[in-house]
Amino acid sequence: MRLTSSSSMTLGSGSMIWFRKGIRIHDNPALEYATRGCSNLYPLFVIDPHYMKPDPNAFSPGSSRAGLNRISFLLESLGDLDVNLKKIGSRLLVLKGDPSEVLIRCLKQWNIGKLCFEYDTDPYYQALDIKVKDYALKAGIEVFSPVSHTLFNPTDIIQKNGGKPPLSYQSFVNLAGEPPSPLATKYSSLPPVGPLGSCDISEVPTIKDLGYEDDQLEFSPFKGGESEALRRLEECMKDKTWVANFEKPKGNPSAFLKPATTILSPYLKFGCLSSRYFYQCIQDVYKSLPKHTSPPVSLLGQLLWRDFFYTAAFGTPNFDSMKDNRICKQIPWKDDDKLLEAWRDAKTGFPWIDAIMVQLRQWGWMHHLARHSVACFLTRGDLFVHWEKGRDVFERLLIDSDWAINNGNWMWLSCSSFFYQYNRIYSPTTFGKKYDPDGDYIRHFLPVLKDMPKAYIYEPWTAPPSIQTKANCIIGKDYPMPVVSHDSASKECKRKMGEAYALSKALNGLVSEDDLKNLRRKLDKGEEQGTKSKRSRQLLIG
Ligand code: FAD
C-alpha cells in the first residue's frame, strides 16, 4: 500500500472513493480506507466521453477507443457495483466529462478530507493521477492510492531487481515471493452519501443513454460485474481436480461450448475480481490437493504471468511501441492495410484464422492459443504486418483488453521481445486441426462453411468445384481465397526475421531508423526479385 500524502490540515470529514478499475467491494483497500472515520462517503465513477462516446467512423460499433462489447461489460460492472452499494446504504455517483475536471469540481463542492483510489500503472492513469493528486495536495486533501490491481507492487519488484524490471518469468518469480493476502473486510453498511451541491449526478447509463442503438449490440456471452466474477470464480474452484491439473498450453483453443480456461480475464481487467483473492482461492484448492501443477503452466502461474507483464510494462519506457523501446527488436514490418483489413475482418481465406477473428468480434474473448495463432499469422508467421496494428485491433475488441498484457503478448508473439524462436510458426491449417479435426469451431463461427466436408474444412480452396457447390460455398465468391500461400509466405517471413535479427546482433541491438529503412529496402528488393524469378520459372514451365 502506498500513502501518497497525508496532511494534518485535511479539510472535511467526507471521503471520496474514486472507482476506475477495481470495480468491486471485496478486497478493496481504497474503499476500506475511505470508510475509516468518515461521516459521508462519496463513491464516484466518471464516464470519460473520450472512451465511451459513439464513433461512427470506427471499424466496429463503439467509441474511438473501445468496442461496444467492452463498453457494455463496463456498464454492467458499474450497474452491479451500484446495486451492491445500495444494499449497504450507499450508491454509485456517476458523472460525465473529463475525469480530472469532474473530480476537481466535486472535490471543491463536497466536504472531502480524504480522496482514495486504486493505484494504476497504465500511462493514461499515470498522467491523470498527477493532475488530480496535485490539486488535492494543494487543497490539503489526503490522498490514499494503494496498489491492489495486481498481486505485487511493480515498483517493489523493480527496486528488488536493481531498478530494472525482470524480463524473464523465472527471474520475476524468484523476486516476487508470496503476495499479500486479500482484505477480509465485509460491510454491513457504509456511511451515507453527503450533500451533492450542483454536481450533475446520474444513474449508471445504458448503452442507449450513451447514444448507441440497441441493434448495434454485439453478442458477448459474458456479463460484467463483481457478482458474476465471484460466481464464475466459485464455479471454477468447485472443480478442484481441474484447478489442480490446469496446465497451459494443454487446453483446447477450439472449445467454445465449454471453454478450456476460466474466462476471468475481463473481470480481472476491470478489477471486478481481485487477483489476490483469486490467488488465495487457488492456494486453498492446492492445500486440499497437494499434487498439483506448478508455474509457469499452472493456474496460479497464469496469475503470475499477469503480474510479470505488468511489471515489465511499468518499468519499460515506450512499452507500447517498437520505436524507442529498448526491449523491442527492430523489425522492418510491412505497411499493408489490405492484408491488415483482411485479417481484422475475418477474410484471410484461412478458416481457422477467420473463425478466431469472428469470435473476437462477437465474444470479445478467445482462448490464449487462438490468440497465439492469429497474432503469429498477422506478424512473423504469414503477413509480416506490424504487431502494433494487431495490438490496436485486439485493444479495441477484447473485453479483457489490458494495456500491459496485450502489448507484452503482442511483442512475445511477434518475436519482438521475451520470445525469440521465430522459426516456430503456428500453421493456419494444421494447428487447429489437432484439437478439432471435424472443424466444429469453424462451422460455428463461420456458418458459410458449415456444410463443407471435414476433409476440406481447414483448406476449403482445395475442395473440387462439385464439392463446393454441394456445400453451398464457392471459394472466391462466398468465402475468400487465401490471401497468401502459407508455405511461401512463412518462408519469406522467416528469411526477413533472420535478416532483422542478424542486423540487430551486428549492431549490438542499436538499430536506428535509417538502418531499419535500409533493411526494409533490401528485403523489398529481394522479395521483388524472388517474385520475378518465380514468374519467369512459371513462364518457362508454362
Ligand atoms: P486463464 O488461463 O484462466 O488464466 C487466468 C488469468 O491469468 C487470466 O484471466 C489472465 O489474467 C492471466 N493470464 C493468463 N494468461 C496470461 C498471459 N499470457 N499473460 C498475462 N496474463 C495471463 N490477456 C488479457 O487479460 N488482456 C489482453 O489484452 C490480452 N491480450 C493478449 C494478446 C495476445 C496476442 C495474446 C497471445 C494473449 C493475450 N492475453 C491477454 C493473454 C491471455 O490470452 C488471456 O489472459 C487469457 O486467454 C484469458 O483467458 P482466461 O481468463 O480464461 O485465462
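Values in this document were obtained by computation on a predicted structure and should not be read as measured data. (Residues numbered from 1 in each chain as written. Predicted model: local features only at pLDDT ≥ 70, side-chain atom pairs only at ≥ 80, totals over all residues. Heavy atoms only, no water.)

*Asks:* Which residues make up the packing of aromatic side chains, and what values go with them?
*Replies:* Overall, the coordinates contain 41 aromatic pairs when judged by the stated rule. A ring pair is formed by W18 and F117, whose centres lie 5.1 Å apart and whose planes are at 70°; its orientation type is edge-to-face. Of this pair, W18 sits in strand β1 (residues 14-19) while F117 sits in the loop between β4 (112-116) and α5 (123-138), and the two are 99 residues apart along the sequence. Using a relative accessible area of 3% as the deciding quantity, one classes W18 as buried. A relative accessible area of 0% means that F117 is categorised as buried. Ring geometry for W343 and F394: centres 6.2 Å apart, planes at 15°, overall stacked. Taken as a pair, W343 in helix α13 (residues 337-344) and F394 in helix α16 (residues 387-397) lie far apart in primary sequence, 51 residues in all. Across this residue pair, the class does not change: W343 and F394 are buried. Put simply, the rings of F222, F256, W352, W363, W365, Y426, F431, Y435, Y441 and F445 pair up and form one aromatic cluster. Its guanidinium or amino end placed over the ring of Y33, K114 lies 4.7 Å from that ring's centre, counting from NZ or CZ. Positioned above the aromatic ring of F59, the side-chain terminus of R344 is 4.2 Å from the ring centre. (Phe/Tyr/Trp six-rings, centres within 6.5 Å; stacked < 30°, edge-to-face > 60°. Helix = DSSP H or I, 4+ residues; strand = E, 2+ residues; numbered from the N terminus. Buried < 20%, exposed > 50% of the residue type's maximum accessible area, 1.4 Å probe, protein only. Lys NZ or Arg CZ within 6 Å of the ring centre and 35° of its normal.)

*Asks:* Before we move on, could you go through the environment of Y422 and cite the residues and values that matter?
*Replies:* With respect to the element layout, Y422 can be found in the loop between α17 (403-413) and α18 (431-435). Expressed as a C-alpha distance, the spacing of Y422 and A58, which sit 364 residues apart in the sequence, is 33 Å.

*Asks:* Can you lay out the pairing of β1 for me, pointing to particular residues and giving the numbers?
*Replies:* The buried fraction of β1 amounts to six of the six residues, a majority that puts the element mostly inside the structure. Side-chain alternation along β1 places G14, M16 and W18 on one buried face and S15, I17 and F19 on a second face that is also buried. This β-α-β element, β1 to helix α1 (residues 29-35) to strand β2 (residues 40-47), shows right-handed connectivity. The pairing of β1 with β4 spans four bridges and is classified as parallel. Residue pairing in the sheet places M16 in a bridge with L115 of β4. (Right-handed = clockwise from strand over helix to strand, strands pointing away. Pairing = 2+ DSSP bridges.)

*Asks:* Explain the side chain of S145 residue by residue, including any values.
*Replies:* Relative to the assigned elements, S145 resides in the loop between β5 (142-144) and α6 (154-160). Take S145: its relative accessible area is 0%, and that puts it in the buried class. Among the polar contacts listed, one links the side chain of S145 to the backbone oxygen of F117, at a separation of 3.2 Å. (Polar contact = N/O pair within 3.5 Å; in protein donor to acceptor, adjacent residues only side chain to side chain.)

*Asks:* Explain the domain arrangement of the protein chain residue by residue, including any values.
*Replies:* Annotation of the protein chain at the domain level lists domain 1 (11-148), domain 2 (150-183 + 227-315) and domain 3 (337-511). Each partner contributes residues to the interface: domain 1 has 21 residues there, and domain 2 has 20 residues. Our enumeration of links across domain 1 and domain 2 arrives at one salt bridge. Among the ionic pairs, R276 bridges to D27, the shortest N-O distance being 2.8 Å. Linking domain 1 with domain 2 are 10 residue pairs in polar contact (both at pLDDT 80 or more), by the criterion used here. Residue assignment for the side of domain 1 that touches domain 2 shows that the elements contributing at least two residues are α1 and α3 (68-87). Element by element, the count of residues in the side of domain 1 that touches domain 2 is highest for α3, at six residues. When the residues that make up the side of domain 1 that touches domain 2 are grouped by side-chain class, the tally is six nonpolar, eight polar and seven charged. (Domains from an automatic or database assignment. Contact = heavy atoms within 4.5 Å. Salt bridge = Lys/Arg side-chain N within 4 Å of Asp/Glu carboxyl O. Nonpolar A, V, L, I, M, F, W, Y, C, P; charged D, E, K, R; others polar.)

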